[in-house]
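Observations on chain architecture
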Amino acid sequence: MNARTVVGFVGLGIMGQPMALNLARAGTPLVVWNRTAARSEPLREAGARVAGSAAEVFRRARVVILMLADEAAIDAVLERGTPAFARNVADRVVVHMGTTSPVYSAGLEADVLAAGGRYVEAPISGSRVPAEQGRLVAMLAGRPDAVAEVRPLLGPMCAKTVVCGPAPKALLTKLAVNIFLITTVTGLAEALHFGERQGLDLGLLVDVLNSGQMASDISRVKTVKLAGRDFTAQAAIADVLKNNRLIAEAARRAGIASPLLDVCHALFGETLALGHAELDMAAVVHAIEARTDAINPGTGGIGAGAGVVEAGAEGARR
C-alpha cells in the first residue's frame, strides 16, 4: 500500500475500536495499533493491517488518527520530546480525535508544525452506540489545507463534520457541547430519582419524558437505562469527570461562570468516590441517592433496585 493513501489509527478503546472498524468496513486502507494487542484483532479480521508499534503506523500512513485517553498517552505515542517525534510526524497529518485541554492541543499543533507535519483537531460528539453506527459528529479545527484533506476521511465514522476554524476552536466547541450533555444527563438522573422516591411508575414517567418536546436521542437512551438500573458503560463516569474537569479549567481560565457544571462536577466526583468509575454516566444517580439517604438515614433505596444495580455493574466490568 502506498503510504500516502493509507490511514493510521492508534487507540482502540471503547470509542476507537468501533470508529476504526467503520473505516475498515468502508474499504479505507488502514493500519492500526493499540497498546493492548487483543483490541486489534477485530480490525485484523475486518481487513486492517495491525502494526507492531505506534512508530510503525507513522511509517506506513500519511494521515494518522489518534483516539487516546489523555495527554500523557498522546505524548507517549508521538514520542514527543525526543528525536523520534520529528521522524513520526514529519510529512504526516496528525489527527487528534480525543478530548484534551484546548491549551494542550494548541501546544501540540505548534510542535507538529515545527517538526514538518500538519495537525487537525477533530474531537467527536457521541458515545459508544453512535460510534458503532457511524453517527458521530466531528468538530474540525486546524489549517484549512489539512482540514480539507482529513474531512472526507471521517465519513465512515461520522454522520456530520463541522469546521470550527483554527485550533483549538474544535475542542472548545466540544467542551461547550459537553456542558449540555453532562447537565442534561444529571437532570434526567435527578428526575428519575425524584420519581422513584415518590413512588411513581417509572415506566410511565419514562414514556412521558420520551414523548414530550424535551425528548432527544440522549434522553431516550438514558431514561431507559436509569429506569432499568442498567449502568453498562457507553460513556463512563471517569471519562465524564475528566471532561467536566477540562470544561471547568477552561471556564476558570477565561473568567466564565459555570454554575450548573460545577454542581455536576461535584456529583460525578462523588459517584467516582463511591466506586463507580467504570459505570455509565447515568450512574451519577448513585451520588444523588447518597445525598437523599444522608438527609434520611436508614431509609435506603428501593430494595429490588439494588440487585439490578449490581447486575449492571457486573455487566459494565465485562
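Residues numbered from 1 in each chain as written. Predicted model: local features only at pLDDT ≥ 70, side-chain atom pairs only at ≥ 80, totals over all residues. Heavy atoms only, no water.

Focus on the overall build of the protein
When helices and strands are counted, the protein shows 15 helices and nine strands. Across its three principal directions, the C-alpha atoms of the protein cover 65 × 45 × 35 Å. The buried share of the protein, taken over its 318 residues, is 48%. The contacts of the protein with a sequence gap of at least 6 include a subset with a gap of at least 24, amounting to 66%. Put simply, the protein shows about 14300 Å² of open surface, and 58% of that area lies on carbon and sulfur atoms. Placing the 32 positive and 30 negative side-chain charges of the protein at their respective mean positions leaves the two points 7 Å apart. (Helix = DSSP H or I, 4+ residues; strand = E, 2+ residues; numbered from the N terminus. Buried < 20%, exposed > 50% of the residue type's maximum accessible area, 1.4 Å probe, protein only. Contact = heavy atoms within 4.5 Å. Areas by Shrake-Rupley, 256 points an atom, 1.4 Å probe, with all protein chains shown as cover. Lys, Arg positive; Asp, Glu negative; His and termini not counted. Charge placed at Lys NZ, Arg CZ, Asp CG, Glu CD.)

Here we look at the pairing of strand S8 (residues 136–142)
By the criterion of burial, S8 is predominantly enclosed, with six of the seven residues buried. Here strand S6 (residues 118–121) runs beside S8; their pairing, made up of two bridges, is antiparallel. Residue pairing across strands places glutamate 121 opposite alanine 141, the latter belonging to S8. Relative to strand S9 (residues 158–165), S8 runs parallel, the two being bridged by six bridges. Bridge assignment links alanine 141 to a residue of S9, and that residue is glycine 165. With respect to chirality, the unit in which S8 leads through helix H8 (residues 144–150) into the neighbouring parallel S9 is right-handed. (Pairing = 2+ DSSP bridges. Right-handed = clockwise from strand over helix to strand, strands pointing away.)

Observations regarding the packing of helix H10 (residues 202–211) against helix H11 (residues 217–227)
Packed helices, taken two at a time, are described by the angle their axes make and the gap between the axes. In contact at an axis separation of 10 Å, H10 and H11 are set at 175 degrees when each is read in the N-to-C sense. If you check the angle between H10 and H11, you find them roughly antiparallel. On H11, the residues that touch Leu202, Val206, Leu209 and Asn210 of H10 are Ser219, Arg220, Thr223, Val224 and Ala227. Class assignment of the residues belonging to the contact of H10 with H11 gives a composition of five nonpolar, three polar and one charged. (Axes fitted to C-alpha atoms, helices over the stretch in contact; angles between N-to-C directions. Parallel < 35°, antiparallel > 145°, perpendicular 65-115°, else oblique. Nonpolar A, V, L, I, M, F, W, Y, C, P; charged D, E, K, R; others polar.)

Some points on helix H6 (residues 102–114)
What sets the pattern is the α-helix's 3.6 residues per turn: residues three or four places apart point alike. When the terminal C-alpha atoms of H6 are compared, their 19 Å separation across 13 residues agrees well with the 18 Å that a helix rising 1.5 Å per residue should span. Taken as a whole, H6 has its buried residues at Pro102, Tyr104, Ser105, Leu108, Glu109 and Val112. Within H6, the buried residues cover an arc of 150 degrees as seen down the axis, which keeps them to one side. Buried residues along H6 sit in contact with helix H4 (71–78), helix H5 (83–89), strand S5 (93–96), S6, S8 and helix H9 (169–197). The N-capping residue of H6, defined by a side-chain oxygen 3.1 Å from the backbone nitrogen of valine 103, is serine 101. (Expected span 1.5 Å × (residues − 1). Arc of directions from axis to C-beta. Polar contact = N/O pair within 3.5 Å; in protein donor to acceptor, adjacent residues only side chain to side chain.)

As for the side chain of threonine 223
By the secondary structure assignment, threonine 223 is in helix H11. What makes threonine 223 buried here is its relative accessible area of 0%. A polar contact of 2.6 Å, which involves the side chain of threonine 223, links it to the backbone oxygen of serine 219. For threonine 223, the residues in contact, after removing those within four places along its chain, are Leu188, Leu192, Val206, Leu209 and Asn210.

With respect to the pattern of salt bridges
Applying the stated criterion to the full structure yields 17 salt bridges. We note a salt bridge from aspartate 145 to arginine 118, for which the minimum N-O separation is 3.1 Å. One end of the pair, aspartate 145, is in helix H8; the other, arginine 118, is in strand S6, and 27 residues separate them in sequence. Accessibility expressed as a relative area gives 47% for aspartate 145, which makes it partly exposed. Across the salt bridge formed by aspartate 217 and arginine 220, the nearest N and O atoms sit 3.9 Å from each other. Residue aspartate 217 and its partner arginine 220 are located together in helix H11, separated by three residues, close to a single helical turn. Given a relative accessible area of 56%, aspartate 217 falls into the exposed group. It is possible to trace a salt-bridge network through shared partners that takes in Arg62, Arg118, Asp145 and Glu149. (Salt bridge = Lys/Arg side-chain N within 4 Å of Asp/Glu carboxyl O.)

Details of the side chain of threonine 28
Within the secondary structure, threonine 28 is located in the loop between helix H1 (16–25) and strand S2 (30–33). On the basis of relative accessibility, which here comes to 19%, the residue threonine 28 falls in the buried class.

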